[in-house]
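Below are the chains, spelled out letter by letter.
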Amino acid sequence: LSPSYRLFGYFRSSAAFRVRIALNLKGLKVDHVSVNLPAGLQHQDGFRSLSPQALVPLLETAGGDRLVQSMAIIEYLDEMHPKPAFLPADPLGRAFVRGLAQMIACEIHPLNNLRVLNKLRELGQNEDGITAWYHHWLQAGLGPVETRLVAANAGTFCAGESPGLADIFLVPQVTNAERYRFDLGPYPTIRRIVAACRALPAFAEAAPEKQPDAA
Ligand SMILES: N[C@@H](CCC(=O)N[C@@H](CS)C(=O)NCC(=O)O)C(=O)O
């Protein structure tokens, strides 16, 4: 069976990591194209002509359509390949899960992205300042995620007994936090859920260090 999708990503990109998890959970075959972000390849004309924002991930379908933004890509995959479902059946459950995913995707991740950190460096911030910035936004974002999970009496995963959209966003963000030596002690529910996810091959095989382009 030839792959029906092509994923432009980078091993360390947590947004691409989300899409890798989603593809694995759906059991979909994919060809990986590595875009070396630290080397700036996302800014070259070749990639920018595919993705005007110069960001990964970008998913190309068998029909040649190109999709950007990990949330949109993952919801597209969920609609095209409904089993296993990434969202609960009830509207309240769906809003809960989407809320968690957006707390990560909209309120934490964009502030700690490579281009933002590079801009801070350009404005004269040293590496201690960069780490303080990074940790600040993690703390501001993960605390409320933990609170919501505790209040909802989260199951093995963010919403019940099977992994879904919120877990797909949580694991890469926690992986980034670990890389930046952020203390996850105050977030026991997050740690428990992430451990449960990592025990699944779909998550484990999507991890940065498992990718062929890992440095
Ligand atoms: N909101 C976007 C974020 C995409 C994004 O920020 N990608 C990062 C890697 S995780 C990137 O390509 N960064 C390149 C840069 O900062 O120059 C999504 O969810 O797809």
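Rules used in this analysis
- Residues numbered from 1 in each chain as written.
- Predicted model: local features only at pLDDT ≥ 70, side-chain atom pairs only at ≥ 80, totals over all residues.
- Heavy atoms only, no water.
- Near = heavy atom within 4 Å.
- Polar contact = N/O pair within 3.5 Å; in protein donor to acceptor, adjacent residues only side chain to side chain.
- Areas by Shrake-Rupley, 256 points an atom, 1.4 Å probe, with all protein chains shown as cover.
- Helix = DSSP H or I, 4+ residues; strand = E, 2+ residues; numbered from the N terminus.
- Nonpolar A, V, L, I, M, F, W, Y, C, P; charged D, E, K, R; others polar.
- Buried < 20%, exposed > 50% of the residue type's maximum accessible area, 1.4 Å probe, protein only.
- Contact = heavy atoms within 4.5 Å.
- Right-handed = clockwise from strand over helix to strand, strands pointing away.
- Pairing = 2+ DSSP bridges.

### So, the site of the ligand
Taken together, 16 residues are adjacent to the ligand, and Gln42, Val56, Gln69, Ser70 and Asn113 come closest. One nitrogen or oxygen atom from the main chain of valine 56 is found 2.7 Å from a nitrogen atom belonging to the ligand. Protein burial of the ligand: of its 510 Å² of free accessible surface, 91% is covered by the chains. Mapped onto the shell around the ligand, the elements with two or more residues apiece are helix H1 (14-25) and helix H5 (114-122). No other element matches the 3 residues that H1 contributes to the shell around the ligand. A class-by-class count of the residues in the shell around the ligand yields 6 nonpolar, 8 polar and 2 charged.

### Observations concerning the side chain of serine 51
With respect to the helices and strands, serine 51 occurs in the loop between helix H2 (45-48) and strand S3 (58-60). We classify serine 51 as buried; its relative accessible area is 1%. At 3.2 Å, the side chain of serine 51 and the backbone oxygen of leucine 55 are in polar contact. In contact with serine 51, not counting residues within four places along its chain, are Leu58 and Val68.

### Thoughts on the pairing of strand S1 (residues 5-9)
Counting buried positions along S1 gives 4 out of 5 residues, so the element sits mostly inside the fold. Crossover connection from S1 via H1 to parallel strand S2 (residues 30-34): handedness right-handed. As paired strands, S1 and S3 are joined by 3 bridges and run antiparallel to one another. Bridge pairing in S3 places phenylalanine 8 opposite leucine 58.

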